[in-house]
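As a plain string of letters, each chain reads:
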Amino acid sequence: MGARLLQFFWNEDDINAKLVRLITDAFEAVWQVAQEQKVSLRTATFVIACKRILDARALRGLYP
């Protein structure tokens, strides 16, 4: 069976709203970790990234 082509038409305002929400949510997550762990925003970002990697590894397993 061939791949289905899904067509979504978004206007610029929809795209910008989604981007603002994505960036705002990411900043709030980083800010929260920085405050809880008393670390810099850069370190908080690294903590979040490492946690996501470990979560994905636990979920999928480590591939050879």
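(A) Seen up close, the overall build of the protein. Across its full length, the protein holds 2 helices and 0 strands. Against the globule reference of 11 Å for 64 residues, the protein gives a C-alpha radius of gyration of 17 Å, more extended than a compact globule. When its C-alpha atoms are laid out on the principal axes, the protein stretches across 50 × 40 × 15 Å. The buried share of the protein, taken over its 64 residues, is 8%. Surface accessibility of the protein: about 6,300 Å² in total, with carbon and sulfur atoms responsible for 62%. Charge-centre separation for the protein: the mean point of 9 positive side chains lies 11 Å from the mean point of 7 negative side chains.

(B) Examining helix 2 (residues 41–60) more closely. Look at helix 2: 29 Å from first C-alpha to last across 20 residues, which is about the 28 Å you get at 1.5 Å a residue. Phi turns positive, to about 90°, at Gly61, one or two residues after helix 2.

(C) Representation of a nonpolar patch on the surface within the structure. On the surface, a cluster of nonpolar side chains totalling about 790 Å² of accessible area is made up of Leu6, Phe8, Trp10, Ile15, Leu19, Leu22 and Ile23. Look at Ile23 and you get exposed, because its relative accessible area is 57%.

(D) Here's a closer look at the environment of Phe27. Checked against the element boundaries, Phe27 lands in helix 1 (residues 12–37). Distance from Phe27 to Leu41, taken between C-alpha atoms, is 9.2 Å for residues 14 residues apart in sequence.

(E) Examining the nonpolar core more closely. In terms of nonpolar packing, the biggest core is built from 5 residues, these being Val30, Val33, Ala34, Ala44 and Ile48. Counting only elements with at least two residues in this core, the list comes to helix 1 and helix 2. Looking at which element gives the most residues to this core, the answer is helix 1, with 3 residues. When sequence neighbours within four positions are dropped, the list of residues in contact with Ile48 reads Ala29, Val30 and Val33.

(F) Up close: the pattern of salt bridges. Tallying each qualifying case throughout the model produces 1 salt bridge. Measuring nitrogen to oxygen at the nearest pair gives 2.8 Å for the salt bridge that ties Lys51 to Asp55. One end of the pair is Lys51 and the other is Asp55, both in helix 2 and 4 residues apart, which spans about a single turn.

Parameters at a glance
- Residues numbered from 1 in each chain as written.
- Predicted model: local features only at pLDDT ≥ 70, side-chain atom pairs only at ≥ 80, totals over all residues.
- Heavy atoms only, no water.
- Helix = DSSP H or I, 4+ residues; strand = E, 2+ residues; numbered from the N terminus.
- Rg over C-alpha atoms; globule rule 2.2 N^0.38 Å.
- Buried < 20%, exposed > 50% of the residue type's maximum accessible area, 1.4 Å probe, protein only.
- Areas by Shrake-Rupley, 256 points an atom, 1.4 Å probe, with all protein chains shown as cover.
- Lys, Arg positive; Asp, Glu negative; His and termini not counted.
- Charge placed at Lys NZ, Arg CZ, Asp CG, Glu CD.
- Expected span 1.5 Å × (residues − 1).
- Patch = residues over 30% accessible without salt bridge, like charges linked within 9 Å, V, L, I, M, F, W, Y side chains within 5 Å.
- Salt bridge = Lys/Arg side-chain N within 4 Å of Asp/Glu carboxyl O.
- Core = buried A, V, L, I, M, F, W, Y, C linked by side-chain atoms within 4.5 Å.
- Contact = heavy atoms within 4.5 Å.

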